[in-house]
There are 2 protein chains.
Amino acid sequence: MTEGRDGGRGPRERMVFSTAQLIRRDGVGATGMRDVAAHAGAPRGSLQHYFPGGKEQLVNEAVAWAGRYAGRRVARFVAALAEPTPSALFAAMVRQWTDEYEAAGAVGGCPVAAATVDHASCGPSTREAAAAAFAAWRRPVAGALADMGVPAARAEPLATLMISSLEGAILMARAEGGADPLTTVARELAPLLDAALPPHHPPHPTPDRSPDHDGTPHP
Amino acid sequence: MTEGRDGGRGPRERMVFSTAQLIRRDGVGATGMRDVAAHAGAPRGSLQHYFPGGKEQLVNEAVAWAGRYAGRRVARFVAALAEPTPSALFAAMVRQWTDEYEAAGAVGGCPVAAATVDHASCGPSTREAAAAAFAAWRRPVAGALADMGVPAARAEPLATLMISSLEGAILMARAEGGADPLTTVARELAPLLDAALPPHHPPHPTPDRSPDHDGTPHP
DNA sequence: GTGACGTTATGACGTTGGTCATAGTAGCGG
DNA sequence: CCGCTACTATGACCAACGTCATAACGTCAC
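A few words now on the overall build of chain A. Looking only at helices and strands, chain A features nine helices and zero strands. Going from N to C terminus, chain A has its helices and strands arranged as α-α-α-α-α-α-α-α-α. Residues counted as buried form 52% of the 219 residues belonging to chain A. Relative to all contacts within chain A whose residues are 6 or more apart in sequence, the contacts with residues 24 or more apart total 73%.

Quick look at the structure:
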(Lines give C-alpha, C1' and ligand atoms only; values in the text may rest on other atoms or scores of the structure.)
Protein backbone atom coordinates (compact mmCIF):
# COMPACT_ATOMS: atom_id res chain seq x y z
CA MET A 1 0.00 0.00 0.00
CA THR A 2 1.45 3.29 -0.96
CA GLU A 3 0.69 6.00 1.45
CA GLY A 4 0.86 9.48 0.18
CA ARG A 5 2.19 11.22 3.19
CA ASP A 6 5.57 9.71 3.72
CA GLY A 7 7.27 10.51 0.50
CA GLY A 8 6.67 14.21 0.76
CA ARG A 9 8.57 14.57 3.99
CA GLY A 10 12.26 14.54 4.33
CA PRO A 11 14.42 11.48 4.50
CA ARG A 12 14.73 11.77 8.24
CA GLU A 13 11.02 11.24 8.82
CA ARG A 14 11.00 8.45 6.32
CA MET A 15 13.67 6.64 8.25
CA VAL A 16 11.82 7.00 11.52
CA PHE A 17 8.70 5.73 9.84
CA SER A 18 10.50 2.79 8.28
CA THR A 19 12.05 1.95 11.62
CA ALA A 20 8.64 1.72 13.22
CA GLN A 21 7.38 -0.45 10.38
CA LEU A 22 10.28 -2.85 10.53
CA ILE A 23 10.32 -3.00 14.31
CA ARG A 24 6.67 -3.87 14.57
CA ARG A 25 7.15 -6.72 12.13
CA ASP A 26 10.57 -8.13 12.99
CA GLY A 27 11.35 -6.82 16.45
CA VAL A 28 14.08 -4.47 17.52
CA GLY A 29 17.01 -6.84 17.53
CA ALA A 30 16.20 -8.30 14.14
CA THR A 31 15.88 -4.88 12.52
CA GLY A 32 19.24 -3.71 11.24
CA MET A 33 20.28 -0.21 10.42
CA ARG A 34 21.00 -1.29 6.89
CA ASP A 35 17.45 -2.64 6.62
CA VAL A 36 16.06 0.67 7.78
CA ALA A 37 18.04 2.60 5.20
CA ALA A 38 17.01 0.21 2.46
CA HIS A 39 13.35 0.29 3.46
CA ALA A 40 13.33 4.07 3.59
CA GLY A 41 15.19 4.38 0.31
CA ALA A 42 17.76 6.46 2.11
CA PRO A 43 21.51 6.18 2.06
CA ARG A 44 23.19 4.43 4.92
CA GLY A 45 25.31 7.42 5.71
CA SER A 46 22.25 9.52 6.41
CA LEU A 47 21.50 7.36 9.40
CA GLN A 48 24.56 8.41 11.29
CA HIS A 49 24.09 11.95 10.14
CA TYR A 50 20.52 12.35 11.31
CA PHE A 51 20.78 9.99 14.26
CA PRO A 52 24.18 10.42 15.83
CA GLY A 53 22.83 8.58 18.87
CA GLY A 54 22.84 5.42 16.79
CA LYS A 55 20.23 2.73 16.86
CA GLU A 56 18.95 3.67 20.27
CA GLN A 57 18.00 7.16 19.18
CA LEU A 58 16.41 5.83 16.03
CA VAL A 59 14.33 3.28 17.91
CA ASN A 60 13.32 5.84 20.52
CA GLU A 61 12.10 8.24 17.89
CA ALA A 62 10.21 5.48 16.13
CA VAL A 63 8.51 4.52 19.37
CA ALA A 64 7.66 8.11 20.13
CA TRP A 65 6.26 8.53 16.64
CA ALA A 66 4.12 5.43 17.08
CA GLY A 67 2.73 6.81 20.34
CA ARG A 68 1.84 10.13 18.74
CA TYR A 69 0.31 8.31 15.80
CA ALA A 70 -1.86 6.15 18.03
CA GLY A 71 -3.03 9.23 19.90
CA ARG A 72 -3.95 11.06 16.72
CA ARG A 73 -5.70 7.97 15.50
CA VAL A 74 -7.87 7.83 18.60
CA ALA A 75 -8.95 11.41 18.08
CA ARG A 76 -9.85 10.55 14.52
CA PHE A 77 -11.84 7.52 15.64
CA VAL A 78 -13.80 9.60 18.12
CA ALA A 79 -14.61 12.19 15.50
CA ALA A 80 -15.86 9.52 13.12
CA LEU A 81 -18.05 7.67 15.62
CA ALA A 82 -21.74 7.77 14.90
CA GLU A 83 -22.57 6.77 18.46
CA PRO A 84 -19.99 8.11 20.89
CA THR A 85 -19.98 5.19 23.30
CA PRO A 86 -16.90 3.63 24.90
CA SER A 87 -17.57 0.28 23.30
CA ALA A 88 -17.83 1.89 19.88
CA LEU A 89 -14.47 3.56 20.35
CA PHE A 90 -12.92 0.29 21.44
CA ALA A 91 -14.50 -1.48 18.50
CA ALA A 92 -12.97 1.06 16.15
CA MET A 93 -9.57 0.63 17.74
CA VAL A 94 -9.83 -3.12 17.39
CA ARG A 95 -11.18 -2.97 13.87
CA GLN A 96 -8.06 -1.15 12.77
CA TRP A 97 -6.18 -4.35 13.53
CA THR A 98 -8.70 -6.89 12.36
CA ASP A 99 -8.90 -5.11 9.03
CA GLU A 100 -5.16 -5.29 8.61
CA TYR A 101 -4.89 -8.89 9.74
CA GLU A 102 -7.67 -10.08 7.50
CA ALA A 103 -6.22 -8.18 4.57
CA ALA A 104 -2.51 -8.84 4.90
CA GLY A 105 -2.21 -11.60 7.49
CA ALA A 106 -1.25 -11.31 11.12
CA VAL A 107 2.28 -10.20 10.51
CA GLY A 108 3.29 -7.19 12.49
CA GLY A 109 2.23 -5.92 15.87
CA CYS A 110 2.61 -2.80 17.91
CA PRO A 111 6.07 -1.24 17.68
CA VAL A 112 5.81 -0.01 21.25
CA ALA A 113 5.22 -3.55 22.42
CA ALA A 114 8.16 -4.76 20.40
CA ALA A 115 10.42 -2.13 21.90
CA THR A 116 9.22 -3.01 25.37
CA VAL A 117 9.82 -6.73 24.98
CA ASP A 118 13.17 -6.43 23.24
CA HIS A 119 14.44 -4.51 26.17
CA ALA A 120 17.97 -5.89 25.98
CA SER A 121 18.45 -4.88 22.36
CA CYS A 122 18.45 -1.26 23.37
CA GLY A 123 19.34 0.93 26.27
CA PRO A 124 17.14 1.94 29.19
CA SER A 125 16.05 5.12 27.46
CA THR A 126 13.91 3.04 25.16
CA ARG A 127 11.86 1.90 28.12
CA GLU A 128 11.09 5.51 28.97
CA ALA A 129 10.22 6.18 25.35
CA ALA A 130 7.80 3.25 25.43
CA ALA A 131 6.24 4.53 28.63
CA ALA A 132 5.81 7.95 27.07
CA ALA A 133 4.29 6.37 23.97
CA PHE A 134 1.78 4.43 26.04
CA ALA A 135 0.93 7.62 27.90
CA ALA A 136 0.49 9.52 24.63
CA TRP A 137 -1.88 6.78 23.57
CA ARG A 138 -3.78 6.45 26.83
CA ARG A 139 -4.37 10.15 27.34
CA PRO A 140 -6.66 10.71 24.34
CA VAL A 141 -8.50 7.50 25.08
CA ALA A 142 -9.19 8.60 28.63
CA GLY A 143 -10.14 12.03 27.37
CA ALA A 144 -12.57 10.55 24.90
CA LEU A 145 -14.15 8.40 27.60
CA ALA A 146 -14.56 11.43 29.82
CA ASP A 147 -16.16 13.35 26.97
CA MET A 148 -18.62 10.51 26.50
CA GLY A 149 -19.73 10.81 30.09
CA VAL A 150 -17.53 8.33 31.89
CA PRO A 151 -16.74 9.59 35.39
CA ALA A 152 -13.33 11.19 35.54
CA ALA A 153 -12.09 8.76 38.14
CA ARG A 154 -12.75 5.80 35.87
CA ALA A 155 -11.63 7.22 32.55
CA GLU A 156 -7.93 6.57 33.04
CA PRO A 157 -8.30 3.07 34.48
CA LEU A 158 -10.68 2.09 31.72
CA ALA A 159 -8.30 3.45 29.12
CA THR A 160 -5.55 1.33 30.63
CA LEU A 161 -7.82 -1.69 30.47
CA MET A 162 -8.71 -1.00 26.86
CA ILE A 163 -5.14 -0.63 25.71
CA SER A 164 -3.99 -3.63 27.74
CA SER A 165 -6.68 -5.83 26.28
CA LEU A 166 -5.94 -4.61 22.80
CA GLU A 167 -2.22 -5.17 23.12
CA GLY A 168 -2.71 -8.63 24.57
CA ALA A 169 -5.21 -9.53 21.88
CA ILE A 170 -2.76 -8.36 19.22
CA LEU A 171 -0.21 -10.68 20.76
CA MET A 172 -2.52 -13.68 20.78
CA ALA A 173 -3.77 -12.89 17.30
CA ARG A 174 -0.23 -12.86 15.95
CA ALA A 175 0.51 -16.14 17.67
CA GLU A 176 -2.64 -17.82 16.38
CA GLY A 177 -2.32 -16.28 12.95
CA GLY A 178 -5.85 -14.92 12.92
CA ALA A 179 -7.88 -12.01 14.20
CA ASP A 180 -10.18 -14.05 16.42
CA PRO A 181 -8.78 -12.91 19.77
CA LEU A 182 -9.26 -9.32 18.70
CA THR A 183 -12.94 -9.70 17.86
CA THR A 184 -13.47 -11.78 20.98
CA VAL A 185 -11.96 -9.15 23.24
CA ALA A 186 -13.93 -6.37 21.60
CA ARG A 187 -17.19 -8.27 22.05
CA GLU A 188 -16.58 -9.36 25.62
CA LEU A 189 -15.32 -6.05 26.90
CA ALA A 190 -18.09 -3.96 25.34
CA PRO A 191 -20.72 -4.30 28.09
CA LEU A 192 -18.25 -3.34 30.79
CA LEU A 193 -17.18 -0.25 28.91
CA ASP A 194 -20.70 0.99 28.29
CA ALA A 195 -21.68 0.20 31.86
CA ALA A 196 -19.31 2.94 32.94
CA LEU A 197 -21.62 5.53 31.41
CA PRO A 198 -24.13 7.30 33.66
CA PRO A 199 -27.46 5.47 33.87
CA HIS A 200 -29.57 7.82 31.75
CA HIS A 201 -27.63 6.93 28.65
CA PRO A 202 -29.62 4.74 26.34
CA PRO A 203 -27.84 1.51 25.51
CA HIS A 204 -27.26 1.55 21.81
CA PRO A 205 -26.15 -1.88 20.75
CA THR A 206 -23.78 -1.65 17.83
CA PRO A 207 -21.92 1.14 16.17
CA ASP A 208 -22.36 1.44 12.47
CA ARG A 209 -19.15 1.37 10.58
CA SER A 210 -17.93 4.72 9.45
CA PRO A 211 -15.24 4.97 6.85
CA ASP A 212 -11.92 5.88 8.30
CA HIS A 213 -9.28 5.43 5.76
CA ASP A 214 -6.67 8.07 5.95
CA GLY A 215 -4.27 6.07 3.93
CA THR A 216 -1.67 6.03 6.65
CA PRO A 217 -0.34 2.58 7.42
CA HIS A 218 -0.19 1.20 10.88
CA PRO A 219 2.45 2.36 13.27
CA MET B 1 18.06 -41.41 29.88
CA THR B 2 20.28 -40.77 32.83
CA GLU B 3 18.32 -39.30 35.66
CA GLY B 4 19.28 -38.23 39.09
CA ARG B 5 22.45 -36.51 38.13
CA ASP B 6 21.43 -33.14 39.50
CA GLY B 7 18.70 -33.62 42.03
CA GLY B 8 16.44 -35.23 39.48
CA ARG B 9 16.61 -32.49 36.85
CA GLY B 10 18.94 -33.15 33.98
CA PRO B 11 20.92 -30.57 32.09
CA ARG B 12 18.49 -30.65 29.22
CA GLU B 13 15.63 -29.37 31.31
CA ARG B 14 17.88 -26.80 32.88
CA MET B 15 18.75 -25.45 29.47
CA VAL B 16 15.12 -25.19 28.41
CA PHE B 17 14.33 -23.49 31.68
CA SER B 18 17.22 -21.06 31.34
CA THR B 19 16.17 -20.28 27.80
CA ALA B 20 12.70 -19.30 28.97
CA GLN B 21 14.15 -17.13 31.70
CA LEU B 22 16.56 -15.32 29.44
CA ILE B 23 14.01 -14.90 26.68
CA ARG B 24 11.44 -13.38 28.93
CA ARG B 25 13.97 -10.84 30.17
CA ASP B 26 16.06 -10.00 27.09
CA GLY B 27 13.98 -11.18 24.14
CA VAL B 28 14.71 -13.91 21.65
CA GLY B 29 17.20 -12.13 19.45
CA ALA B 30 19.25 -10.81 22.34
CA THR B 31 19.48 -14.22 23.99
CA GLY B 32 22.50 -16.08 22.72
CA MET B 33 23.16 -19.77 22.84
CA ARG B 34 26.30 -19.10 24.81
CA ASP B 35 24.26 -17.13 27.33
CA VAL B 36 21.87 -20.04 27.70
CA ALA B 37 24.67 -22.48 28.34
CA ALA B 38 26.29 -20.18 30.85
CA HIS B 39 23.01 -19.49 32.66
CA ALA B 40 22.23 -23.18 32.87
CA GLY B 41 25.72 -24.07 33.97
CA ALA B 42 25.89 -26.47 31.04
CA PRO B 43 28.61 -26.89 28.48
CA ARG B 44 28.11 -25.28 25.14
CA GLY B 45 28.51 -28.57 23.35
CA SER B 46 25.49 -29.99 25.11
CA LEU B 47 23.30 -27.50 23.31
CA GLN B 48 23.97 -28.95 19.92
CA HIS B 49 23.76 -32.43 21.36
CA TYR B 50 20.36 -32.06 22.98
CA PHE B 51 18.95 -29.59 20.50
CA PRO B 52 20.19 -30.51 17.06
CA GLY B 53 17.50 -28.23 15.66
CA GLY B 54 19.51 -25.29 16.88
CA LYS B 55 18.15 -22.17 18.44
CA GLU B 56 14.73 -22.58 16.94
CA GLN B 57 14.16 -25.92 18.64
CA LEU B 58 15.47 -24.55 21.90
CA VAL B 59 13.18 -21.54 21.79
CA ASN B 60 10.21 -23.65 20.79
CA GLU B 61 10.71 -26.00 23.72
CA ALA B 62 11.11 -23.07 26.07
CA VAL B 63 7.86 -21.57 24.82
CA ALA B 64 6.07 -24.88 25.13
CA TRP B 65 7.41 -25.30 28.63
CA ALA B 66 6.19 -21.83 29.56
CA GLY B 67 2.72 -22.68 28.27
CA ARG B 68 2.57 -25.89 30.29
CA TYR B 69 3.86 -24.05 33.33
CA ALA B 70 1.20 -21.36 33.04
CA GLY B 71 -1.48 -24.02 32.71
CA ARG B 72 -0.29 -25.89 35.79
CA ARG B 73 -0.11 -22.63 37.65
CA VAL B 74 -3.73 -21.85 36.86
CA ALA B 75 -4.83 -25.20 38.22
CA ARG B 76 -2.88 -24.48 41.37
CA PHE B 77 -4.45 -21.04 41.70
CA VAL B 78 -7.93 -22.49 41.39
CA ALA B 79 -7.21 -25.07 44.04
CA ALA B 80 -5.90 -22.41 46.41
CA LEU B 81 -8.77 -19.96 45.98
CA ALA B 82 -10.78 -19.30 49.10
CA GLU B 83 -13.70 -18.12 47.00
CA PRO B 84 -13.89 -19.71 43.56
CA THR B 85 -15.00 -16.68 41.59
CA PRO B 86 -13.65 -15.61 38.19
CA SER B 87 -12.42 -12.31 39.57
CA ALA B 88 -10.53 -14.10 42.34
CA LEU B 89 -8.80 -16.33 39.81
CA PHE B 90 -7.85 -13.32 37.72
CA ALA B 91 -6.62 -11.51 40.80
CA ALA B 92 -4.41 -14.49 41.63
CA MET B 93 -3.02 -14.57 38.11
CA VAL B 94 -2.27 -10.86 38.27
CA ARG B 95 -0.82 -11.03 41.74
CA GLN B 96 1.79 -13.47 40.54
CA TRP B 97 3.19 -10.62 38.47
CA THR B 98 2.68 -7.74 40.87
CA ASP B 99 4.49 -9.71 43.54
CA GLU B 100 7.42 -10.25 41.26
CA TYR B 101 7.53 -6.69 40.00
CA GLU B 102 7.32 -5.17 43.44
CA ALA B 103 10.00 -7.52 44.70
CA ALA B 104 12.51 -7.54 41.88
CA GLY B 105 11.46 -4.70 39.59
CA ALA B 106 9.60 -4.88 36.33
CA VAL B 107 12.31 -6.66 34.43
CA GLY B 108 11.08 -9.65 32.53
CA GLY B 109 7.79 -10.44 30.91
CA CYS B 110 6.07 -13.42 29.40
CA PRO B 111 8.37 -15.60 27.31
CA VAL B 112 5.53 -16.49 24.98
CA ALA B 113 4.95 -12.83 24.29
CA ALA B 114 8.64 -12.33 23.63
CA ALA B 115 8.70 -15.21 21.19
CA THR B 116 5.63 -13.86 19.44
CA VAL B 117 7.01 -10.36 19.04
CA ASP B 118 10.53 -11.40 18.03
CA HIS B 119 9.04 -13.30 15.18
CA ALA B 120 11.87 -12.62 12.78
CA SER B 121 14.54 -13.92 15.11
CA CYS B 122 13.18 -17.42 14.67
CA GLY B 123 11.40 -19.52 12.13
CA PRO B 124 7.67 -19.89 11.60
CA SER B 125 7.50 -22.94 13.82
CA THR B 126 7.96 -20.68 16.82
CA ARG B 127 4.70 -18.97 15.99
CA GLU B 128 2.92 -22.30 16.18
CA ALA B 129 4.66 -23.06 19.44
CA ALA B 130 3.45 -19.74 20.82
CA ALA B 131 -0.09 -20.47 19.68
CA ALA B 132 0.06 -23.87 21.37
CA ALA B 133 1.40 -22.27 24.53
CA PHE B 134 -1.43 -19.76 24.61
CA ALA B 135 -3.89 -22.59 24.09
CA ALA B 136 -2.31 -24.60 26.90
CA TRP B 137 -2.74 -21.57 29.09
CA ARG B 138 -6.24 -20.65 27.99
CA ARG B 139 -7.69 -24.13 28.32
CA PRO B 140 -7.36 -24.49 32.10
CA VAL B 141 -8.57 -20.93 32.58
CA ALA B 142 -11.70 -21.63 30.57
CA GLY B 143 -12.15 -24.93 32.39
CA ALA B 144 -11.89 -23.21 35.73
CA LEU B 145 -14.45 -20.60 34.69
CA ALA B 146 -16.82 -23.33 33.59
CA ASP B 147 -16.38 -25.13 36.89
CA MET B 148 -17.25 -21.92 38.70
CA GLY B 149 -20.55 -21.75 36.88
CA VAL B 150 -19.75 -19.57 33.88
CA PRO B 151 -21.83 -20.68 30.90
CA ALA B 152 -19.82 -22.89 28.59
CA ALA B 153 -20.28 -20.54 25.65
CA ARG B 154 -18.65 -17.68 27.54
CA ALA B 155 -15.86 -19.53 29.29
CA GLU B 156 -13.46 -19.54 26.36
CA PRO B 157 -14.04 -15.93 25.30
CA LEU B 158 -13.66 -14.73 28.85
CA ALA B 159 -10.46 -16.71 29.22
CA THR B 160 -9.16 -15.02 26.07
CA LEU B 161 -10.08 -11.64 27.52
CA MET B 162 -8.38 -12.44 30.82
CA ILE B 163 -5.14 -13.54 29.21
CA SER B 164 -5.15 -10.68 26.74
CA SER B 165 -5.65 -8.12 29.48
CA LEU B 166 -2.96 -9.72 31.58
CA GLU B 167 -0.45 -9.82 28.76
CA GLY B 168 -1.15 -6.24 27.79
CA ALA B 169 -0.90 -5.09 31.38
CA ILE B 170 2.42 -6.89 31.71
CA LEU B 171 3.59 -4.98 28.69
CA MET B 172 2.51 -1.61 30.03
CA ALA B 173 3.88 -2.40 33.45
CA ARG B 174 7.28 -3.18 32.01
CA ALA B 175 7.24 0.02 30.01
CA GLU B 176 6.22 2.15 32.97
CA GLY B 177 8.49 0.34 35.36
CA GLY B 178 5.77 -0.35 37.91
CA ALA B 179 2.94 -2.73 38.58
CA ASP B 180 0.18 -0.13 38.41
CA PRO B 181 -1.35 -1.27 35.10
CA LEU B 182 -1.62 -4.79 36.48
CA THR B 183 -3.56 -3.79 39.56
CA THR B 184 -5.70 -1.43 37.51
CA VAL B 185 -6.66 -4.12 35.05
CA ALA B 186 -7.45 -6.60 37.81
CA ARG B 187 -9.69 -4.12 39.57
CA GLU B 188 -11.50 -2.88 36.47
CA LEU B 189 -12.11 -6.27 34.94
CA ALA B 190 -13.38 -7.93 38.11
CA PRO B 191 -17.07 -6.91 37.89
CA LEU B 192 -17.35 -8.09 34.32
CA LEU B 193 -15.88 -11.46 35.18
CA ASP B 194 -18.15 -12.07 38.15
CA ALA B 195 -21.15 -10.86 36.18
CA ALA B 196 -20.73 -13.90 33.97
CA LEU B 197 -21.80 -16.12 36.83
CA PRO B 198 -25.44 -17.19 37.03
CA PRO B 199 -27.72 -15.00 39.19
CA HIS B 200 -27.30 -16.99 42.40
CA HIS B 201 -23.72 -17.94 42.60
CA PRO B 202 -23.40 -21.04 44.75
CA PRO B 203 -20.51 -20.91 47.17
CA HIS B 204 -18.53 -23.95 46.37
CA PRO B 205 -16.88 -25.93 49.12
CA THR B 206 -13.31 -24.80 48.97
CA PRO B 207 -10.80 -27.54 48.44
CA ASP B 208 -8.14 -26.77 50.98
CA ARG B 209 -4.73 -26.66 49.52
CA SER B 210 -1.40 -25.56 50.82
CA PRO B 211 -0.04 -22.34 49.37
CA ASP B 212 1.65 -22.86 46.08
CA HIS B 213 5.34 -23.35 46.28
CA ASP B 214 7.02 -25.79 44.03
CA GLY B 215 10.34 -24.08 44.06
CA THR B 216 9.99 -23.26 40.42
CA PRO B 217 10.57 -19.64 39.50
CA HIS B 218 8.58 -17.78 36.96
CA PRO B 219 8.54 -18.94 33.39
C1' DG C 1 35.47 30.51 -9.37
C1' DT C 2 36.33 29.23 -4.32
C1' DG C 3 35.30 27.83 0.01
C1' DA C 4 32.21 26.08 3.38
C1' DC C 5 28.57 23.24 4.79
C1' DG C 6 24.85 20.02 4.77
C1' DT C 7 24.14 15.71 2.84
C1' DT C 8 25.05 11.41 0.43
C1' DA C 9 27.75 7.35 -0.48
C1' DT C 10 30.93 3.49 0.60
C1' DG C 11 34.53 0.95 2.45
C1' DA C 12 36.69 -0.96 6.72
C1' DC C 13 36.97 -2.44 11.51
C1' DG C 14 35.81 -4.96 15.62
C1' DT C 15 32.39 -7.67 17.81
C1' DT C 16 29.09 -11.07 18.28
C1' DG C 17 25.97 -14.45 16.65
C1' DG C 18 24.92 -19.56 15.39
C1' DT C 19 26.72 -23.56 13.67
C1' DC C 20 30.02 -27.07 12.44
C1' DA C 21 33.88 -30.15 13.41
C1' DT C 22 36.71 -32.37 16.35
C1' DA C 23 38.70 -33.67 20.50
C1' DG C 24 38.20 -35.30 25.12
C1' DT C 25 35.93 -37.87 29.24
C1' DA C 26 33.01 -41.10 31.85
C1' DG C 27 30.64 -45.42 32.19
C1' DC C 28 30.02 -50.21 30.74
C1' DG C 29 29.88 -54.83 28.47
C1' DG C 30 33.02 -57.95 26.43
C1' DC D 1 42.61 -54.44 27.79
C1' DC D 2 39.29 -52.96 24.00
C1' DG D 3 35.42 -50.90 21.64
C1' DC D 4 31.13 -48.56 22.05
C1' DT D 5 27.98 -45.01 23.42
C1' DA D 6 26.47 -40.74 25.72
C1' DC D 7 27.90 -36.62 26.91
C1' DT D 8 31.22 -32.85 27.58
C1' DA D 9 34.38 -29.41 26.00
C1' DT D 10 36.66 -26.14 22.73
C1' DG D 11 38.31 -24.16 18.75
C1' DA D 12 37.20 -22.51 13.95
C1' DC D 13 34.45 -20.72 10.51
C1' DC D 14 31.21 -17.39 8.18
C1' DA D 15 27.77 -14.12 8.21
C1' DA D 16 25.69 -10.13 10.06
C1' DC D 17 25.56 -6.27 12.95
C1' DG D 18 26.62 -1.32 14.56
C1' DT D 19 29.88 2.02 14.14
C1' DC D 20 33.53 4.81 12.43
C1' DA D 21 36.28 7.19 8.81
C1' DT D 22 36.54 9.22 4.66
C1' DA D 23 35.41 10.77 0.20
C1' DA D 24 32.23 12.62 -3.19
C1' DC D 25 28.28 15.38 -4.39
C1' DG D 26 25.27 19.08 -3.95
C1' DT D 27 24.12 24.25 -3.24
C1' DC D 28 24.51 28.54 -1.56
C1' DA D 29 27.53 33.07 -0.07
C1' DC D 30 30.88 35.83 -1.55
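As a structural note, the neighbourhood of DNA strand D is formed by 16 residues, with Gly32(A), Gly54(A), Pro43(B), Gly45(B) and Ser46(B) the closest of them. The set of elements that each furnish at least two residues to the surface near DNA strand D consists of α2 (33-40), α3 (44-50) and α4 (54-80) of chain A together with α3 (44-50) of chain B. When its residues are assigned to classes, the surface near DNA strand D shows four nonpolar, eight polar and four charged.

A few words on the packing of helix α7 (residues 125-148) of chain A against helix α8 (residues 152-176) of chain A. All names here are of chain A. Two elements in contact, α7 and α8, have axes whose closest approach is 8 Å; the angle formed by their N-to-C orientations is 130°. One finds that α7 runs oblique with respect to α8. As for how α7 packs across α8, the hand of that crossing is right-handed. For the pair formed by α7 and α8, the contact residues are Phe134, Trp137, Arg138, Val141, Ala142, Leu145 and Ala146 on the first element and Ala152, Ala155, Glu156, Leu158, Ala159, Thr160, Met162 and Ile163 on the second. For the contact of α7 with α8, a count of residues per class yields twelve nonpolar, one polar and two charged.

The environment of DNA strand C is formed by 13 residues, the closest being Pro43(A), Arg44(A), Gly45(A), Gly32(B) and Gly54(B). Breaking the surface near DNA strand C down by element, the ones donating at least two residues are α3 of chain A together with α2 (33-40), α3 and α4 (54-80) of chain B. Here the residues of the surface near DNA strand C sort into three nonpolar, seven polar and three charged.

Attention now goes to helix α8 (residues 152-176) of chain B. All names here are of chain B. Spanning 25 residues, α8 covers 36 Å between terminal C-alpha atoms, matching the ideal 36 Å at 1.5 Å per step. For α8, the tally of buried residues reaches 21 of 25 residues, placing the bulk of the element in the interior. Of the residues trailing α8, Gly177 is marked for its positive phi of about 80°.

A word on the interface of chain B and chain A. Counting residues at the interface gives 41 residues for chain B, matched by 41 residues for chain A. Taken together, the elements giving at least two residues each to the side of chain B that touches chain A come down to α6 (111-117), α7 (124-148), α8 and α9 (180-195) of chain B. In terms of residue count, the dominant contributor to the side of chain B that touches chain A is α8(B) (16 residues). Broken down by class, the residue content of the side of chain B that touches chain A amounts to 22 nonpolar, twelve polar and seven charged.

Once turned by 180° and shifted 0.0 Å along the axis, chain B lies on chain A with an RMSD of 0.0 Å. On this basis, the relationship between the two copies can be described by a two-fold rotation axis. The residues that chain B uses at the interface reappear at the interface of chain A in 100% of cases, marking a shared surface.

Residues and elements named next belong to chain A. A residue-level look at chain A finds 87% of positions with pLDDT of 70 or above and a mean pLDDT of 88. Predicted confidence is poor over residues 1-8, with pLDDT under 50, and the contacts of this stretch with residues over four places away or in other chains come to eight contacts. Below pLDDT 50 for its whole length, residues 203-211 participates in twelve contacts with residues either more than four positions away or in separate chains.

What follows deals with the environment of Met148(B). Residues and elements named next belong to chain B. Position of Met148 relative to the elements: it lies in helix α7. The class of Met148 is buried, set by 24 C-beta atoms lying within 10 Å. C-alpha of Met148 to C-alpha of Leu197: the two residues are 49 residues apart in sequence and 7.6 Å apart in space. Setting aside residues no more than four positions away along its own chain, Met148 makes contact with Pro84, Thr85, Pro86 and Leu197.

Within the secondary structure layout, Gly109(A) lies in the loop between α5 (86-104) and α6 (111-117). Given 24 C-beta atoms within 10 Å, Gly109(A) falls into the buried group. Taking C-alpha positions, Gly109(A) is 8.5 Å from Glu167(A), a pair spaced 58 residues apart along the chain. When neighbours within four sequence positions are excluded, Gly109(A) is seen to be in contact with Arg24(A), Ala114(A), Ile170(A), Leu171(A), Arg174(A) and Val117(B).

This next bit is on the environment of Arg76(B). Position of Arg76(B) among the secondary structure elements: in helix α4. Distance in space between the C-alpha atoms of Arg76(B) and Leu47(B) is 32 Å, their sequence separation being 29 residues.

Here the focus is the packing of helix α5 (residues 86-104) of chain B against α8(B). All names here are of chain B. Axis separation between α5 and α8 bottoms out at 11 Å; the angle between their running directions is 20°. Comparing the axis directions of α5 and α8 gives the class roughly parallel. Note on packing geometry: the crossing formed by α5 with α8 is right-handed. Contact residues: Pro86, Phe90, Met93, Val94, Trp97 and Tyr101 in α5; Leu158, Met162, Leu166, Ile170 and Ala173 in α8. A per-class count over the contact of α5 with α8 returns eleven nonpolar, no polar and no charged.

Rules and cut-offs
- Residues numbered from 1 in each chain as written.
- Chains lettered and ligands numbered in written order.
- Predicted model: local features only at pLDDT ≥ 70, side-chain atom pairs only at ≥ 80, totals over all residues.
- Helix = DSSP H or I, 4+ residues; strand = E, 2+ residues; numbered from the N terminus.
- Buried ≥ 20, exposed ≤ 12 C-beta atoms within 10 Å, placed from the backbone.
- Contact = placed C-beta atoms within 7 Å.
- Near = placed C-beta within 6 Å.
- Nonpolar A, V, L, I, M, F, W, Y, C, P; charged D, E, K, R; others polar.
- Axes fitted to C-alpha atoms, helices over the stretch in contact; angles between N-to-C directions.
- Parallel < 35°, antiparallel > 145°, perpendicular 65-115°, else oblique.
- Left-handed = near helix turned anticlockwise from the far one by under 90°.
- Expected span 1.5 Å × (residues − 1).
- Least-squares fit on C-alpha atoms with pLDDT ≥ 70 in both.
- pLDDT = per-residue confidence, 0-100.

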